[in-house]
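A closer look at the structure
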Amino acid sequence: MKYRSVDYNSIFLLINVFMLCLAVKSDLSADFYKQICPDLYKIVRKEVTNAVKNEMRMAASLLRLHFLDCFVNGCDASILLDGRNSEKFPTSNLNSARGFEVVDKVKNAVEGACSGVVSCADILALIARDSVLLSGGPSWKVLLGRRDGQVPNQRGANLAIPSQYDTLDTIISNFGNVGLNVTDVVSLSGAHTIGRARCAIFSKRLWNFSNTGGPDSTIEKTMLSDMQHVCLVNGDGNEVSALDQNSNDLFDNHYFQNLLDGKGLLRSDQILFSSDDESVSMMTRALVDSYRRNPKLFFDDVVKSMIKMGNISPLTGLSGQIRKNCRAVNS
Ligand code: HEM
Ligand SMILES: *[C@@H]1O[C@H](CO)[C@@H](O)[C@H](O)[C@H]1NC(C)=O
Ligand SMILES: *[C@@H]1O[C@H](CO)[C@@H](O)[C@H](O)[C@H]1NC(C)=O
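Residues numbered from 1 in each chain as written. Chains lettered and ligands numbered in written order. Predicted model: local features only at pLDDT ≥ 70, side-chain atom pairs only at ≥ 80, totals over all residues. Heavy atoms only, no water.

**Thoughts on the domain arrangement of the protein**
According to the domain assignment, the protein consists of domain 1 (28-159) and domain 2 (162-308). On a C-alpha basis, the centroid separation for the pair domain 1 and domain 2 is 24 Å. Contacts between domain 1 and domain 2 engage 23 residues on the former and 20 residues on the latter. With both chains or domains summed, domain 1 and domain 2 bury close to 1,700 Å², and 72% of this area falls on carbon and sulfur atoms. Where domain 1 touches domain 2, the interface holds 0 salt bridges. Put simply, domain 1 and domain 2 have 1 residue pair in polar contact (both at pLDDT 80 or more) between them. (Domains from an automatic or database assignment. Contact = heavy atoms within 4.5 Å. Buried area = accessible area lost by both parts, 1.4 Å probe. Salt bridge = Lys/Arg side-chain N within 4 Å of Asp/Glu carboxyl O. Polar contact = N/O pair within 3.5 Å; in protein donor to acceptor, adjacent residues only side chain to side chain.)

**Section: the site of ligand 3**
Contacts to ligand 3 come from Asn208, Asn211 and Gly213. Contacts to ligand 3 include Asn208, whose side-chain N or O atom sits 2.3 Å from an oxygen atom. A distance of 3.3 Å is found between an oxygen atom of ligand 3 and a side-chain nitrogen or oxygen belonging to Asn211. Relative to its free-state accessible area of 360 Å², ligand 3 is covered by the protein chains to the extent of 30%. (Near = heavy atom within 4 Å. Areas by Shrake-Rupley, 256 points an atom, 1.4 Å probe, with all protein chains shown as cover.)

Written as C-alpha cells, this is what we have:
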C-alpha cells in the first residue's frame with residue numbers, strides 16, 4: 001500500500017516534468033537555432049539585402065507573405081506550397097502575392113549552411129523582419145522554432161484574409177479570429193506604408209464605387225484625379241500605384257497622415273479613419289491619429305503586433321515537418 005502510493009507520486013511527478021518540458025519546448029524562442037544554425041541571421045539578411053537592392057518593392061512583397069501565411073492555418077509556411085489547393089491563388093487575391101523566388105533563394109542559402117533544420121515558416125518570419133528594417137523601419141527579436149505545415153488551405157485563405165472592400169467590422173473580426181485586436185488591425189495596416197497595389201484591386205473606388213456609378217466620396221480630390229489617370233476605365237488592371245502615396249518605399253508613419261488627408265489607396269486603409277460605423281471607428285480613428293503624431297508609438301506597436309502575428313498557432317515539437325523545398329511537402 002505504502003509502496004504503491006510512492007509509485008503514484010513519482011509517476012505523477014515524472015508526468016508533470018514531462019508536460020513542463022513539452023510546454024517549454026512548444027514555445028518559440030529567439031535562440032532556437034543558436035547551436036544548430038548559428039549563421040542563420042546573417043544568411044537571411046544577406047539574401048534579403050540583395051533582393052531589395054535588386055528591386056525595392058520586394059521588401060513589401062516579402063513582408064506581405066508572412067501575413068498571408070500566418071492568417072491561414074497559423075504561421076506554417078502553407079502559403080509557399082504549390083499545387084492543388086495552393087493558397088497562392090485565392091479568388092479574392094488571384095496572382096497577387098509575389099516574392100516566392102526570393103524565398104527559394106533564401107531557403108537554398110540556408111540549406112547550404114545547415115541542411116534540414118530550419119523551417120520555411122521561420123525563414124518567412126526572419127525575412128519579414130529584415131524587410132521592414134531594410135525599408136527604414138524598426139527591428140525586433142524574431143521568435144523561432146516554428147515547423148512547416150503539410151496542407152495548403154485555399155478555402156481557408158478565402159475566408160481568413162480580409163478583402164479590401166470588407167467593412168471595418170469584418171476586418172476586425174477576421175483579425176479577432178486569429179487572436180489579434182483593434183490595435184493590431186491599425187498598427188499592422190501600417191505595413192501598407194510600403195508596397196504597391198494593382199488597379200484591378202482598387203479601380204472600382206475611382207469609377208463605380210458600390211455600384212453608385214461614381215467614385216468613393218472619401219477619396220481626396222487631387223488623389224482621385226491622379227489615380228483616374230493611372231487606372232483608366234477598362235484599363236490595364238496590372239498597372240500599380242503606391243499604397244503610401246509620396247512615401248512609397250520608406251517604412252514610416254506617413255501612411256497615417258495620408259489617411260487623415262483622404263489619401264488611403266485601398267478602401268480598407270481609408271475606413272480606418274473614415275468609416276461611419278461609429279461603434280468601432282472611434283477607436284481606429286484615435287489610433288490612426290496617435291500613430292500619425294507619434295512615429296515612435298507606431299514603431300513600438302507595430303513591433304508588438306508583428307511578434308503577436310508571428311505567434312499565431314505555430315506548429316512545434318513533433319508537429320509538422322522541416323520542409324527541404326518550401327514549395328512542396330517532403331516525400
Ligand atoms: C487589414 C487588412 C488587409 C487588407 C484588406 C489588405 C489588402 C491588401 C491588398 C488588396 C493588397 C494589394 C494586392 C495587389 O495589388 O494584388 C495589399 C498589399 C500589401 N499588403 Fe495588405 N492587406 C491587409 C493587411 C496587411 C497586413 C497585416 C500586412 C503585413 C503586416 C500587409 C502587407 C501588405 C504589403 C506590404 C503589401 C504590398 C505588397 C507588394 O507591393 O507586393 N497587409 N494588401
Ligand atoms: C490589444 O492587445 C494588446 C496586447 O497584445 C494590448 O496592449 C492592447 O491594449 C489591446 N488593444 C485593445 C484595443 O484592446
Ligand atoms: C456600376 O456597376 C454596376 C454593377 O456592375 C453596373 O450595373 C453599372 O452599370 C455600373 N455603372 C457605371 C456607370 O459603370
